[in-house]
Amino acid sequence: MIGHIKYFVGNWKMFGIPRSIKIIDRINSFFNKDKKNNKSYKIAIAPPHTLIQDFSNKYKNKKIIISAQNCYHKDSFGAHTGQISPFMIKNIGIKFIIIGHSENRASGETDKIIQEKIQFTLKNNFKVFLCIGENSTEKRKKKTFTVLKNQLKSALNKRYNFNNIIIAYEPVWSIGTGKILSPNELKKIIIFLKKFIKNHFKKKTHIKILYGGSVDKKSIYKFKSIKELDGFLIGSASKSSKNFIDIIKNFYK
Ligand code: 13P
């Protein structure tokens, strides 16, 4: 059931120093040798801000995409110590960015802040991976669908070009825990999200949706049958080239 292009996106979080480029180099040589590379998948890696300029220069003419992990919610320049704006990131040649990760939401990023980040990153022509997901309490209270709808409604606007937005569904309780939804449950959520977004924002086509949360070389098998899924956002396992490559190999096995 693997037809359309899939994204394998590595989110390094707070990991990496200059020599960690070796991880990307190894992934890149695998990617170049893998026969499927032009047809069925794309790879993006999101290192921390300290590395993205150097890495994106090195990978400028290659197929691996270097993405940013986050940005500040105001644009241009300003009196915001320690912050980096979408405009500044765009100007070092980065075109992809993760917004709304639950770890950032947990440290104070509100819906309003995420809304502004989306607005300014799209204005700067980024492709945005927008993370959404319910936490364990919300799941237990059967609020998953309500939470996801609210996160989408507050972050997005029907005026946006949805070709530049990729949703990453990351249940908070699944991140770094090894706990994963059953393929059936996940499929239901992905279908629900695609339909909801298309109808609510009055779009003609379905948006792309990735899954994130404890994806590794073992769990990847579970997702093979979900043809509605457009790829994966991978945390821990993206910090090792072997683990990351094994995920891709096992997915297409
Ligand atoms: P893990 O793959 O480590 O569970 O992290 C997922 C994630 O948060 C990716 O953004």
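For the structure given in this document, a descriptive report is provided here. (Residues numbered from 1 in each chain as written. Predicted model: local features only at pLDDT ≥ 70, side-chain atom pairs only at ≥ 80, totals over all residues. Heavy atoms only, no water.)

Considering the overall build of the protein chain
A tally of helices and strands in the protein chain yields ten helices and eight strands. Compactness check: the protein chain gives a C-alpha radius of gyration of 17 Å against a globular reference of 18 Å for 253 residues, within 12% of the reference. Each of the three principal axes of the protein chain carries a C-alpha extent, and together these read 50 × 45 × 35 Å. The long-range fraction of contacts in the protein chain, counting pairs at least 24 apart against all pairs at least 6 apart in sequence, stands at 71%. Computed over 50 positive and 16 negative side-chain charges, the separation of the two mean positions in the protein chain equals 5 Å. (Helix = DSSP H or I, 4+ residues; strand = E, 2+ residues; numbered from the N terminus. Rg over C-alpha atoms; globule rule 2.2 N^0.38 Å. Contact = heavy atoms within 4.5 Å. Lys, Arg positive; Asp, Glu negative; His and termini not counted. Charge placed at Lys NZ, Arg CZ, Asp CG, Glu CD.)

A short note on the layout of surface pockets
Taken as a whole, the largest pocket spans an internal volume of roughly 280 Å³. Lining the largest pocket are 18 residues, with K13, G176, G235, S236 and A237 positioned closest to its centre. Residue composition of the lining of the largest pocket, by class: seven nonpolar, seven polar and four charged. (1 Å grid on protein atoms, 1.4 Å probe; cavity = no way out; pocket = protein on both sides within 12 Å on 5 of 7 lines; lining within 4 Å. Points joined across faces, edges and corners; volume = space filled by probe spheres on them. Nonpolar A, V, L, I, M, F, W, Y, C, P; charged D, E, K, R; others polar.)

Some thoughts on the packing of aromatic side chains
Using the criterion set out here, one finds 19 aromatic pairs in the structure. Ring centres of F8 and F232 lie 5.7 Å apart, and the angle between their planes is 35°; this geometry places the pair in the tilted category. Of this pair, F8 sits in strand β1 (residues 6-11) while F232 sits in strand β8 (residues 231-234); the two residues are 224 residues apart in sequence, bridging distant segments of the chain. Considered together, F8 and F232 belong to a single accessibility category, that of buried residues. A network of ring pairs unites the aromatic residues F8, F31, Y41, Y169, Y211, F223, F232, F251 and Y252 as a single cluster. In this structure, K62 packs its charged tip against the face of Y59, placed 4.8 Å from the ring centre. (Phe/Tyr/Trp six-rings, centres within 6.5 Å; stacked < 30°, edge-to-face > 60°. Buried < 20%, exposed > 50% of the residue type's maximum accessible area, 1.4 Å probe, protein only. Lys NZ or Arg CZ within 6 Å of the ring centre and 35° of its normal.)

Observations regarding the site of the ligand
Taken together, N11, K13, H101, E170, I175, G176, G213, S214, L233, I234, G235 and S236 form the complete shell of residues around the ligand. A distance of 2.8 Å separates an oxygen atom of the ligand from a polar atom in the side chain of H101. Protein chains bury 97% of the 310 Å² of accessible surface belonging to the ligand in isolation. When atoms are counted within 2 Å of each cavity's grid points, the one that captures over half of the ligand is the largest pocket. In terms of residue class, the shell around the ligand is built from three nonpolar, seven polar and two charged. (Near = heavy atom within 4 Å. Polar contact = N/O pair within 3.5 Å; in protein donor to acceptor, adjacent residues only side chain to side chain. Areas by Shrake-Rupley, 256 points an atom, 1.4 Å probe, with all protein chains shown as cover. Sits in = over half its atoms within 2 Å of the grid points.)

Examining unusual backbone geometry
Even without being glycine, K13 reaches a positive phi, approximately 55°. Locating K13 in the fold gives a position in the loop between β1 and α1 (21-33). Exposure remark for K13: the relative accessible area of 23% places this residue in the partly exposed category. Even without being glycine, K142 reaches a positive phi, approximately 60°. Its relative accessible area of 75% is what places K142 among the exposed residues.

Re the state of the cysteines
According to the stated counting rule, one finds zero disulfides in the structure shown. Sulfur of C71: no disulfide; nearest cysteine sulfur belongs to C131 and is 12 Å away. Look at C131 and you get buried, because its relative accessible area is 2%. (Disulfide = S-S within 2.5 Å.)

Overview of helix α8 (residues 144-155)
Between its terminal C-alpha atoms α8 stretches 17 Å, which fits the 16 Å expected from twelve residues at 1.5 Å a residue. Within the sequence span of α8, burial applies to T144, V147, L148, Q151, L152, S154 and A155. Where the residues of α8 are buried, they touch α5 (102-106), α6 (111-123), β5 (127-132), α7 (136-140), β6 (165-169) and α9 (183-200). (Expected span 1.5 Å × (residues − 1).)

Observations regarding the pairing of β1
Counting buried residues in β1 gives six out of six residues, a clear majority hidden from the surface. In β1, alternate side chains face the same way, and those of K6, F8 and G10 on one face and Y7, V9 and N11 on the other are all buried. One ladder, built from six bridges, connects β1 with strand β2 (residues 41-46); its direction is parallel. If you follow N11 over to β2, its bridge partner there is A46. (Pairing = 2+ DSSP bridges.)

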